Every structure is written in C-alpha cells, then in structure tokens.
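Fold and geometry: a report
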Amino acid sequence: MIKKIITLTIILGISISVIGLFLFDYDSEEINSEETKTTVKEIIKADVIIPIKVSRPGCDIEDICYIPPNIVVEKGKSVTWLNEDSSFHSVTSGFYPEPSGLFDSGHLDPYQSYTLPFDEYGVYDYFCTLHPWMKAQVIVE
Ligand SMILES: [Cu+2]
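It should be emphasised that the depicted structure is a prediction, and the values quoted were computed from it without experimental measurement.

1. Details of the confidence of the model for the chain
Residues with a pLDDT of 70 or more make up 70% of the chain, whose mean pLDDT is 83. The low-confidence segment residues 18–24, where pLDDT is below 50, has 0 contacts with residues more than four positions distant or belonging to other chains.

2. Here we look at the nonpolar core
Counting 19 residues, the largest nonpolar core has I50, V54, C65, Y66, W81, Y126 and M134 as its most contacted members. At the level of elements, strand 1 (48–50), strand 3 (78–83), strand 7 (122–127) and strand 8 (135–140) are the ones that each hand at least two residues to this core. Not counting the four nearest positions on each side in its chain, Y66 is found in contact with V48, I50, M134 and A136.

3. Focus: the environment of K45
With respect to the element layout, K45 can be found in the loop between helix 1 (2–43) and strand 1. A C-alpha to C-alpha distance of 9.3 Å links K45 and S113, two positions 68 residues apart in sequence.

4. Here we look at the environment of D85
Residue placement: D85 occurs in the loop between strand 3 and strand 4 (92–95). Separated by 30 residues in the primary sequence, D85 and S55 place their C-alpha atoms 8.3 Å from one another. Beyond its immediate chain neighbours, meaning those up to four positions away, D85 contacts I50, P51, I52, K53, V54, S55 and P110.

5. Things to note about unusual backbone geometry
Most peptide bonds are trans, and most residues other than glycine sit at a negative phi. The omega angle of the peptide bond from I67 to P68 is -5°, so this bond is cis rather than trans. In this fold, P68 is placed in the loop between helix 2 (59–62) and strand 2 (70–73). Not every positive phi belongs to a glycine, and K53 is a case in point at roughly 65°. Considering the arrangement of structural elements, one finds K53 in the loop between strand 1 and helix 2. In this model, Y111 sits at a positive phi of 70°, which is unusual for a non-glycine residue. Within the secondary structure, Y111 sits in the loop between strand 5 (98–104) and strand 6 (113–117). C-beta crowding within 10 Å serves as the criterion here: with 13 such atoms nearby, Y111 is assigned to the partly exposed category.

6. Describing the sheet that holds strand 6
Judged by pairing direction, the sheet is mixed, and its 3 strands sit side by side in the order 1-3-6 without closing on themselves. On the outer flanks of this sheet lie strand 1 and strand 6, each paired with one strand and no other. Ignoring strand direction, the axes of neighbouring strands in this sheet form an average angle of 20°. One ladder, built from 5 bridges, connects strand 3 with strand 6; its direction is antiparallel. Bridged to V79 within strand 6 is L116.

7. Topic: the pairing of strand 7
In the sheet, strand 4 pairs with strand 7 via 2 bridges, with the strands oriented antiparallel. Bridge pairing in strand 7 links S93 to Y126.

Calculation criteria
Per chain, residue numbering runs from 1 following the sequence as it is written. Totals for whole chains, interfaces and linings use every residue, but because this is a predicted model, local features are given only for residues with pLDDT of at least 70 and side-chain atom pairs only at 80 or more, for both listing and counting. pLDDT is defined as a per-residue confidence score from the predictor, taking values between 0 and 100. We call two residues in contact when their backbone-placed C-beta atoms lie within 7 Å. Note on terminology: a nonpolar core is a set of buried residues of type Ala, Val, Leu, Ile, Met, Phe, Trp, Tyr or Cys, with members joined through C-beta atoms within 7 Å. Around each residue's C-beta, the other C-beta atoms within 10 Å are counted; 20 or more make the residue buried, 12 or fewer make it exposed, and counts in between make it partly exposed. All C-beta atoms are placed from the backbone. Helix and strand definitions follow DSSP, with helices as H or I runs of at least four residues and strands as E runs of at least two, each counted in order from the N terminus. Pairing between strands requires that DSSP locate at least two bridges from one strand to the other. Each axis is a line fitted through C-alpha atoms, taken for helices only over the stretch in contact, and angles between the N-to-C directions span 0 to 180 degrees.

If you want it as structure tokens, here you go:
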C-alpha cells in the first residue's frame, strides 16, 4: 500500500513538472514575439513623418502635415516617409489636385513607409491625394 502511494506521488510530481515546463516555454515565446514587434518598429528610419490626426484639416495652419515640411537632402540621397497616422495618406508629386507624375507612393497604410531616391537638384512639391490641405517639399541641394 505504502509502495503504491509513493509511486503515485512520484508520477504526480513528474506530471506537474512537465506541465510546468510547457507553461514556462509558452510564456517565453510570448515575450519573444513582443520583442520582435518592437524591434521592427524601431528599424524603420524615417526622414519625414506623417503624424497622427492629419486626416482632419488644421495641420496646415502650423505646417505640420508632414514633419519636417521642407526637408533638405543631398543629391543622390533617399528620403523615407513613415505614416504614423491611423488613416491612409500618400506622398504624391505636384499640387492638389494635379499630380505632376514624378512620384506617387499610392495609399500608405498605417505604419507603412515609402522611400524615394533624389538624383537631381531641385525643389519637389508634393501633397496627399486624400487630404488637400496636406502638402510639403523636398529640397535637393
Ligand atoms: Cu493624407
């Protein structure tokens, strides 16, 4: 009888340990995936930010629909835009409502980025096709 009880106790102990290990593993995987998400966000090195709430008029008053509104870059360098808003936006060359046809990001999803190289000197005006008040410039020197 005592032998049976001891055997049962050992089996029960091993079972609890195995279950515990599974739970521990599951937890550490959860933590790892969270870390990966954070890292992905940090990797995007944006030069121009499309900030939150610019899908409503008002950002044009302080000229903060794209930040910075007039970025200066060296010839041959690229500019990366990052949409930090929860709405779609675009980076489209020209003035609303006439795209010049030089470049167009199309609709950028939230947290989507768009990179464009600038190989020629000039002042490049651009706007958002969805929000006429959103406009800015890239100046290539
Ligand atoms: Cu927009």
